[in-house]
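Single-letter residue listing:
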Amino acid sequence: GYFDWLSTPYQTTPLEWLNTRPWWTYLSFHDHPAFGFLLQYLQFKLTGVSVLAMRFWPALYGLISVYILYLIAKKLFASKIALLSAAFLAVSSLHIWVARLALQESLVILMILLSVYLFLKSQENKKYFYLFGLVFGLALMAKLTSLVLLPAFFIYLLLRHRHIFREKEIYFSVLIILIICSPYIIYNIYLYKNFSHFDFQLSYLLKQNVEAWQIRPGREEIAPNKIQALKFIFSGLRNSVSFLWLAFSSLSFVYLTYLIFKSRIKQAPTNIFFLFLIILSHIFFYIFIGSAARFLAILMPWLAISMAWFFLTCKIPLSGGYQARSKIKYGAYFLLFAFIF
């Protein structure tokens, strides 16, 4: 049922500390907000409890994410780049992996992509800010790792669309986000009132010492310093994706960074500037939360766009006449086909 319990003696939940179940314990779970768990609970009610029912929905989220990424890349760049981006994500080992598990990440990736798409739509029509607030609020309530988008959104608006901060729509979207997150906020207020600490994630973030949670699985990737954290990100990717993916995505991000700084940031094209901010925001986020494979999976859609953009737009000076250039071009497309295969 809809019950907050984890099958391990090393991480007990507040429900095991209470004699009766207060109303506020229904508002969240001890380690994550409730949206993902509530969806799973309703899905089990709809289909019955089975492994198929548990894994069907994350697989569906993973498939839909490929299409939403196509829409984002098409809005940022062009149809060819969008198609290639979707192709890269569809064969990404990390994306396939999370789509086959009943973790929150498949839902989180879908909600993050929907949030970004609606955010981009809101730049064309301010009314989309309301829908953006709804979806991004649900993304946060699926898992707090969705916060990774906030720095990118804020810096992008501050540097490219500062007038937005004078519009009422953006403040209404913030209000919608707060309303959707209110169950999580209320839960943590009552948890602190009863036990003098917040939930599993917030207590870790605020360095609260919780006797019942001395062992925190998934935090082994936290590095002792920022340089080591960057190495952990690279080694985490090296252990999770193919060497070709790692090399190609790294090259595309280096080229993206080069163009941004060559253009002195403020003059950089809006689309590549936004993509750069999204990827950079993820990197800084991993420095602080660790680079476990399930976290790195959230970066895969943006690397897929970066790689597709790089392949189709990077201009390398070629010599040797038309025939020689054609051979190089067709050779590149053959290597692309082999890469995806």
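Now for a description of the structure that goes with this document. This is a predicted model, so every value here is computed, not measured.

**Focus on the overall build of the protein**
When you go through the protein residue by residue, the secondary structure sums to 15 helices and zero strands. On the principal axes, the C-alpha backbone points of the protein span a range of 80 × 45 × 45 Å. Within the protein, the fraction of its 341 residues that count as buried is 47%. The contacts of the protein with a sequence gap of at least 6 include a subset with a gap of at least 24, amounting to 69%.

**Some thoughts on the packing of helix α11 (residues 243–262) against helix α14 (residues 300–313)**
Contact pair α11 / α14: the axes reach a minimum separation of 9 Å and the direction vectors enclose 75°. Classified by the interaxial angle, the pair formed by α11 and α14 is roughly perpendicular. Contacts from Trp245, Phe248, Ser249, Leu251, Ser252, Phe253, Tyr255, Leu256 and Leu259 in α11 reach Met300, Leu303, Ala304, Ser306, Met307, Trp309, Phe310 and Phe311 in α14.

**Focus: a nonpolar patch on the surface**
On the surface, a nonpolar cluster with roughly 320 Å² of combined accessible area is contributed by Phe154, Ile155, Leu158 and Leu159. Within the secondary structure, Leu159 is located in helix α7 (residues 149–160).

**Quick notes on helix α6 (residues 128–142)**
When the terminal C-alpha atoms of α6 are compared, their 21 Å separation across 15 residues agrees well with the 21 Å that a helix rising 1.5 Å per residue should span. Turning to α6, its buried residues number three or more, namely Phe129, Phe132, Gly133, Val135, Phe136, Gly137, Ala139, Leu140, Met141 and Ala142. On the buried face of α6, the contacting elements are α1 (35–47), α5 (105–122), α7 and α8 (168–195).

**Considering the packing of aromatic side chains**
Each aromatic ring pair is described using two quantities: the centre-to-centre distance and the angle formed by the ring planes. Tallied over the full model, the rule gives 35 aromatic pairs. Between Tyr156 and Phe274, the aromatic rings sit 5.0 Å apart at their centres with planes inclined by 70°, giving edge-to-face as the arrangement. Linking Tyr156 in helix α7 with Phe274 in helix α12 (residues 270–289), this pair joins segments that are 118 residues apart in sequence. You'll find Tyr156 and Phe274 in the same group, each marked buried. Linked through ring pairs, Phe88, Trp245, Phe248, Tyr255, Tyr258, Trp309, Phe310 and Phe339 together constitute an aromatic cluster. Note that Arg21 overlies the ring of Tyr26, its terminal NZ or CZ placed 3.8 Å from the centroid. Arg294 extends its terminal NZ or CZ atom over the ring of Phe295, reaching a point 4.6 Å from the ring centre.

**Digging into the pattern of salt bridges**
Summed over all chains, the structure comprises four salt bridges. Note that Glu167 and Lys126 form a salt bridge whose closest N and O atoms lie 3.0 Å from each other. With Glu167 in the loop between α7 and α8 and Lys126 in the loop between α5 and α6, this pair connects stretches of sequence that are 41 residues apart.

**Points about unusual backbone geometry**
Even without being glycine, Ser196 reaches a positive phi, approximately 65°. Inspection of the secondary structure puts Ser196 in the loop between α8 and α9 (200–205). The backbone of Lys207 sits at a positive phi, close to 60°, despite the residue not being glycine. Here Lys207 falls in the exposed class, since its relative accessible area comes to 66%.

**Here's the deal with the nonpolar core**
Ranked by size, the top nonpolar core spans 92 residues in total, and within it Ile72, Phe88 and Trp302 carry the most contacts. Contact partners of Ile72, with chain neighbours within four places excluded, come to Leu113, Val116, Tyr117, Leu120, Trp302 and Ile305.

**A closer look at the side chain of Glu105**
Its location among the elements puts Glu105 in helix α5. If we ignore the near neighbours within four places in the chain, the residues touching Glu105 are Val98, Lys143, Arg294 and Phe295.

**Observations concerning the side chain of Asp199**
You can see Asp199 is positioned in the loop between α8 and α9. If sequence neighbours within four positions are ignored, Asp199 has contacts with Phe29, His30, Tyr184, Tyr187, Asn188, Leu191 and Trp213.

**Here's the deal with the packing of α12 against α14**
The contact between α12 and α14 brings their axes to 10 Å, and the two run at 140°. By the angle between their directions, the pair α12 and α14 is classed as oblique. Read as a crossing pair, α12 and α14 show a hand that is left-handed. Across from Ile272, Leu275, Ile278, Ile279 and His282 in α12, the residues of α14 making contact are Trp302, Leu303, Ile305, Ser306 and Trp309.

Definitions and cut-offs
- Residues numbered from 1 in each chain as written.
- Predicted model: local features only at pLDDT ≥ 70, side-chain atom pairs only at ≥ 80, totals over all residues.
- Heavy atoms only, no water.
- Helix = DSSP H or I, 4+ residues; strand = E, 2+ residues; numbered from the N terminus.
- Buried < 20%, exposed > 50% of the residue type's maximum accessible area, 1.4 Å probe, protein only.
- Contact = heavy atoms within 4.5 Å.
- Axes fitted to C-alpha atoms, helices over the stretch in contact; angles between N-to-C directions.
- Parallel < 35°, antiparallel > 145°, perpendicular 65-115°, else oblique.
- Patch = residues over 30% accessible without salt bridge, like charges linked within 9 Å, V, L, I, M, F, W, Y side chains within 5 Å.
- Areas by Shrake-Rupley, 256 points an atom, 1.4 Å probe, with all protein chains shown as cover.
- Salt bridge = Lys/Arg side-chain N within 4 Å of Asp/Glu carboxyl O.
- Expected span 1.5 Å × (residues − 1).
- Phe/Tyr/Trp six-rings, centres within 6.5 Å; stacked < 30°, edge-to-face > 60°.
- Lys NZ or Arg CZ within 6 Å of the ring centre and 35° of its normal.
- Core = buried A, V, L, I, M, F, W, Y, C linked by side-chain atoms within 4.5 Å.
- Left-handed = near helix turned anticlockwise from the far one by under 90°.

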